[in-house]
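Descriptive analysis of the structure
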Amino acid sequence: QGQLVESGGGLVQPGGSLRLSCVASGSIFITSLMGWYRQAPGKQRELVARITSGGETNYADSVKGRFTISKDYAKNTVYLQMISLKPEDTAVYYCNADKPTTWGIQRYWGQGTQVTVSS
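The present account deals with the structure reproduced in this document. (Residues numbered from 1 in each chain as written. Predicted model: local features only at pLDDT ≥ 70, side-chain atom pairs only at ≥ 80, totals over all residues. Heavy atoms only, no water.)

**Focus on the state of the cysteines**
As a reminder, the rule being used: A pair of cysteine sulfur atoms is labelled a disulfide when the two atoms are within 2.5 Å. For the purposes of this entry, the term helix denotes a DSSP run of H or I that reaches at least four residues, the term strand denotes a run of E that reaches at least two, and both are numbered from the N terminus.
Within this structure, the stated rule accounts for 1 disulfide. A disulfide bridge connects Cys 22 with Cys 95, and the sulfur atoms are separated by 2.1 Å. Its S-S torsion of about -80° marks the bond between Cys 22 and Cys 95 as left-handed, since a negative value means left-handed. Here the residue Cys 22 occupies a position in strand 3 (residues 18-24), and Cys 95 occupies one in strand 9 (residues 91-101), the gap between them amounting to 73 residues.

In structure tokens form, the structure reads like this:
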């Protein structure tokens, strides 16, 4: 059973909005640096946004002002709210968690969810 379970992808027109969700197990959600990455066909996976266990955020320049990452502590869920979507945002989006352990960082990935921005 997956440690990170994503949902919320789909097809949307340019200028539209989507919200991605990632549910994490409790031990991962509480202690990890969590983020969203994306991978477009023929391109490398790239960081979109991250949020620390304390709630600090950072974003890729390409999505600043359009995407917002947030956490719901009651639901162990990380969200990526995306507005003003562009065709170049089309990609498979992956939830990520980097969990500190006594021996280093344990990295987790979700299964990915497709986001397609097209008219």
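**Examining the side chain of Asp 89**
Applicable threshold: For each residue, the accessible area found with a 1.4 Å probe, counting protein chains only, is set against the maximum for its type, and the residue is called buried under 20%, exposed over 50%, and partly exposed in between. Counted as a polar contact is a pair of N or O atoms within 3.5 Å, where, for protein atoms, one must be capable of donating a hydrogen and the other of accepting one, and residues adjacent in sequence contribute only when both atoms are in side chains. Note on definitions: a residue-residue contact is assigned when non-hydrogen atoms from the two residues lie within 4.5 Å.
Secondary-structure assignment places Asp 89 in the loop between strand 8 (77-82) and strand 9. By relative accessible area, which is 1% here, Asp 89 ends up buried. Within the structure, Asp 89 has its side chain in polar contact with the backbone nitrogen of Lys 86 (distance 2.8 Å). Not counting the four nearest positions on each side in its chain, Asp 89 is found in contact with Arg 38, Arg 66, Phe 67, Ser 84, Val 115 and Val 117.

**Some details on the pattern of salt bridges**
A side chain with one charge may pair with a side chain of the opposite charge, provided their charged atoms come close. The test is simple: Think of a salt bridge as a Lys or Arg side-chain nitrogen and an Asp or Glu carboxyl oxygen that are within 4 Å of each other.
Taken as a whole, this structure holds 5 salt bridges when the rule is applied. Here Asp 89 ties to Arg 66 by a salt bridge, and the two come within 2.7 Å at their closest N and O atoms. Remark: Arg 66 occurs in the loop between strand 6 (57-59) and strand 7 (67-72) and Asp 89 occurs in the loop between strand 8 and strand 9; sequence separation between them is 23 residues. You can call Arg 66 buried: its relative accessible area is 11%. The residue Arg 107 makes a salt bridge to Asp 98 at a minimum N-O spacing of 2.7 Å. Taking relative accessible area as the criterion, Arg 107 reaches 39% and is therefore assigned partly exposed. What emerges from the salt-bridge pattern is a single network uniting Arg 38, Glu 46, Arg 66 and Asp 89.

**A look at the environment of Gly 42**
Relative to the assigned elements, Gly 42 resides in the loop between strand 4 (33-39) and strand 5 (46-51). Distance in space between the C-alpha atoms of Gly 42 and Asp 98 is 25 Å, their sequence separation being 56 residues.

**Focus: the packing of aromatic side chains**
Where we set the bar: Two aromatic rings, drawn from Phe, Tyr or Trp (for Trp, its six-membered ring), form a pair once their centres lie within 6.5 Å of each other, and the interplanar angle then sorts them: stacked below 30 degrees, edge-to-face above 60, tilted otherwise. By the criterion adopted, a ring carries a charge over it if an Arg CZ or a Lys NZ lies within 6 Å of its centre and within 35 degrees of its normal.
Applying the stated criterion across every chain, the model contains 3 aromatic pairs. Centre to centre, the rings of Tyr 37 and Trp 109 are 5.1 Å apart; their planes meet at 75°, and the pair counts as edge-to-face. Of this pair, Tyr 37 sits in strand 4 while Trp 109 sits in strand 10 (residues 104-109), placing them 72 residues apart in sequence. Looking at Tyr 37, the relative accessible area reads 12%, which means it is buried. With a centroid separation of 6.4 Å and an interplanar angle of 90°, the aromatic rings of Tyr 94 and Trp 109 are classed as edge-to-face. Of this pair, Tyr 94 sits in strand 9 while Trp 109 is found in strand 10, placing the two residues 15 residues apart along the sequence. Overall, the relative accessible area of 15% leaves Tyr 94 in the buried class. Here the basic side chain of Arg 45 rests over the ring of Trp 109, its NZ or CZ set 4.5 Å away from the ring centre. Here the guanidinium or amino end of Lys 71 rests over the ring plane of Phe 29, the centre of that ring lying 4.8 Å away.

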